[in-house]
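One letter stands for each residue in the lines below.
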Amino acid sequence: PAEQGLDPMLVAEVYSNATELETIYSVLVIKNGYLIAEGYFNDGSIEQLSARHSATKSYTSALTGIALEQGCLTSLDQKMIDFFPEFADQIVDPRKEQITIRHLLQMRAGYPYDSTDYYSDILYLSGNWSWLPHLVDFPLTSDPGTTVNYSSLSSHILGVIVQRACDTDLMSFAQEHLFSPMDAELGGWTRDVDGYNWGWGEIYVTARNMAKFGLLYSNDGVYQGQQIIPTGWVDDSLQTYSDNAWVTNKLGRHFNDLGYGYQWWSGRAGDHQFNFVWGHGGQLIVLLEELDMIIVTTANPLNEIPPADGWKYEKQICNLVGEFIKSLPGE
């Protein structure tokens, strides 16, 4: 750490505090492109794989940008329903005909928040993993393009659009065009009953490969001299299109001013602004552009614990990272 201008004691404190958390798997710190600190806890290890939950959404976003660059998609203003002709005559709410890829990326399609009963009762607890019909029957809670509603259904629809437009599956597409160019391996990606990889969750990636993904976005989409994601897409993805993007404007004690880009979050801890990938349980990739720093955490995905009961563990990890960020001097 000292060689990269970072106080070793600040870093040591993070790892000391991490040993007290029962669900954390890893903490990695990258500074100026170098992996300067790495530690594993509980069931974590260098090769450990488990569901990274909604961290998946940011990978789906990256693949959308790659699909656009390759010409599979022609515009972010293409309409959602054009990719689902089998449902076109079932749409009752005419507003759904106006939903675009851009709306899905920004979580502004109008579908309800994940925390509503539509998700817990109809999807997560029902055992019905065919999500596509719900683009018809889930009601819109706002007009498309007007209000941010964090919606896993929107992310899944987005992922299916990429799969249909590019005539492939997300896992194969990601390995060929994102992971292999980064000298990385995609460990797995859950599929629904229709054969589509979930655009919203359950990608399996090691902590080090999450760090490579963070480096890719920190370096304008370039990895070791190769342009993997268009620079313009990276810039657009990390913009804040919506403030107050979560049910509260705070995540734990230190993550404040939560905003949303293209399936990426933005926030502030102390004097530091940052963008971040976030998955339930405590899966984080935090980009501190001003400090040329990336922080990665992985954690137990808490699959066996009801989400409401798991929040306390997730917040512990967010508080750990937030405290570290607040302690960092400016540059």
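In the block above lies the structure referred to throughout.
Residues numbered from 1 in each chain as written. Predicted model: local features only at pLDDT ≥ 70, side-chain atom pairs only at ≥ 80, totals over all residues. Heavy atoms only, no water.

Any chance you could break down the packing of helix 2 (residues 56-70) against helix 8 (residues 207-218) for me, citing the residues and the numbers?
Direction vectors running N to C along helix 2 and helix 8 enclose 45°, while the axes themselves pass 12 Å from each other. By the angle between their directions, the pair helix 2 and helix 8 is classed as oblique. Between helix 2 and helix 8 lies a crossing of left-handed hand. Residues Ser58, Tyr59 and Ala62 of helix 2 form the contact with helix 8, whose participating residues are Asn209, Met210, Phe213 and Tyr217. (Axes fitted to C-alpha atoms, helices over the stretch in contact; angles between N-to-C directions. Helix = DSSP H or I, 4+ residues; strand = E, 2+ residues; numbered from the N terminus. Parallel < 35°, antiparallel > 145°, perpendicular 65-115°, else oblique. Left-handed = near helix turned anticlockwise from the far one by under 90°. Contact = heavy atoms within 4.5 Å.)

A description of the nonpolar core should follow, citing residues and the corresponding values.
Nonpolar side chains in soluble globular proteins tend to end up buried together. Core analysis: the biggest nonpolar cluster contains 69 residues, and Phe84, Tyr111, Leu135, Leu178, Tyr217 and Ile229 have the highest contact counts within it. Apart from the residues within four sequence positions on either side, Phe84 is in contact with Leu132, Leu135, Ile157, Val160, Ile161 and Arg164. Membership of the second largest hydrophobic core comes to 42 residues, among which are Val14, Trp265, Ala269 and Ala299. (Core = buried A, V, L, I, M, F, W, Y, C linked by side-chain atoms within 4.5 Å. Buried < 20%, exposed > 50% of the residue type's maximum accessible area, 1.4 Å probe, protein only.)

Run through the pattern of salt bridges, naming residues and quoting values.
Scanning the model with the defined rule gives eight salt bridges in all. With its nearest N and O atoms 3.5 Å apart, the salt bridge here joins Asp169 to Arg191. Here Asp169 is found in the loop between helix 6 (152-166) and helix 7 (170-179), whereas its partner Arg191 is found in the loop between strand 3 (188-189) and strand 4 (203-204), with 22 residues between them in sequence. According to the relative accessible area criterion, Asp169 is buried, its value standing at 16%. Among the charged side chains, a network of salt bridges with common partners joins Asp93, Arg95 and Asp143. (Salt bridge = Lys/Arg side-chain N within 4 Å of Asp/Glu carboxyl O.)

Account for helix 2, with residues named and values stated.
Along an α-helix, a turn takes 3.6 residues, which lines up residues three or four apart on a common side. Here helix 2 spans 21 Å end to end across 15 residues, near enough to the 21 Å set by a 1.5 Å rise per residue. Turning to helix 2, its buried residues are Thr56, Lys57, Ser58, Tyr59, Thr60, Ser61, Ala62, Leu63, Thr64, Gly65, Ile66 and Ala67. Positive backbone phi, approximately 90°, marks Gly71, located one or two places after helix 2. (Expected span 1.5 Å × (residues − 1).)

Any chance you could break down the packing of aromatic side chains for me, citing the residues and the numbers?
Enumeration over the complete set of coordinates arrives at 24 aromatic pairs. Here the aromatic rings of Trp246 and Trp278 are separated by 5.2 Å at their centres, their planes lie at 70°, and the arrangement is edge-to-face. With a gap of 32 residues between them, Trp246 in the loop between helix 9 (231-237) and strand 7 (250-251) and Trp278 in strand 10 (residues 272-279) connect regions that are remote in the sequence. (Phe/Tyr/Trp six-rings, centres within 6.5 Å; stacked < 30°, edge-to-face > 60°.)

Please give an account of the sheet that holds strand 8 (residues 255-260) that cites residues and values.
By way of backbone hydrogen bonds, the strands of a sheet pair with one another, either parallel or antiparallel. With antiparallel pairing, the eight strands of this open sheet are ordered in space as 2-1-12-11-10-9-8-7. Only two strands of the sheet have a single neighbouring strand rather than two, namely strand 2 (34-40) and strand 7. Sheet analysis places strand 8 next to strand 9 (residues 265-269), joined by three bridges and oriented antiparallel. Bridge pairing in strand 9 places Gly259 opposite Ser266. (Pairing = 2+ DSSP bridges.)

Any details on a negative patch on the surface? Residues and values, ideally.
On the surface, Asp220, Asp235, Asp236, Asp271, Glu289, Glu290 and Asp292 cluster together into a negatively charged patch. Mapping Asp235 onto the fold places it in helix 9. (Patch = residues over 30% accessible without salt bridge, like charges linked within 9 Å, V, L, I, M, F, W, Y side chains within 5 Å. Areas by Shrake-Rupley, 256 points an atom, 1.4 Å probe, with all protein chains shown as cover. Lys, Arg positive; Asp, Glu negative; His and termini not counted. Charge placed at Lys NZ, Arg CZ, Asp CG, Glu CD.)

Break down helix 10 (residues 307-327) for me, with residues and values.
Taking 1.5 Å per residue as the helical rise, helix 10 with its 21 residues ought to reach 30 Å, and the 30 Å between its terminal C-alpha atoms agrees with that figure. The largest bend in helix 10 amounts to roughly 25° and is located at Tyr313. Buried within helix 10 we find Gly310, Tyr313, Glu314, Ile317, Cys318, Asn319, Leu320, Val321, Gly322, Phe324 and Ile325. (Bend = angle between axes of the 7 residues up to and from the residue.)

Any chance you could break down the layout of surface pockets for me, citing the residues and the numbers?
In this structure, the second largest pocket occupies an estimated 260 Å³ of space. Lining the second largest pocket are 14 residues, with Tyr217, Ser218, Leu238, Leu287 and Glu289 positioned closest to its centre. Elements with a contribution of two residues or more to the lining of the second largest pocket: helix 8, helix 9, strand 10 and strand 11 (283-288). Ranked by residue count, the leading element in the lining of the second largest pocket is strand 10, at three residues. (1 Å grid on protein atoms, 1.4 Å probe; cavity = no way out; pocket = protein on both sides within 12 Å on 5 of 7 lines; lining within 4 Å. Points joined across faces, edges and corners; volume = space filled by probe spheres on them.)

If you had to explain the pairing of strand 10 to someone new, which residues and values would you point to?
By the criterion of burial, strand 10 is predominantly enclosed, with seven of the eight residues buried. Inspection of the sheet shows strand 9 paired to strand 10 by five bridges, in the antiparallel sense. Residue pairing in the sheet places Arg268 in a bridge with Gln273 of strand 10. Counted between consecutive antiparallel strands, the loop separating strand 9 from strand 10 contains two residues, among which Gly270 sits at a positive phi close to 65°. Relative to strand 11, strand 10 is paired through five bridges, and the arrangement is antiparallel. Bridging from a neighbouring strand, Val277 pairs with Ile285 of strand 11. The antiparallel hairpin formed by strand 10 and strand 11 contains three residues in its connecting segment, where Gly281 sits at a positive phi of about 100°.

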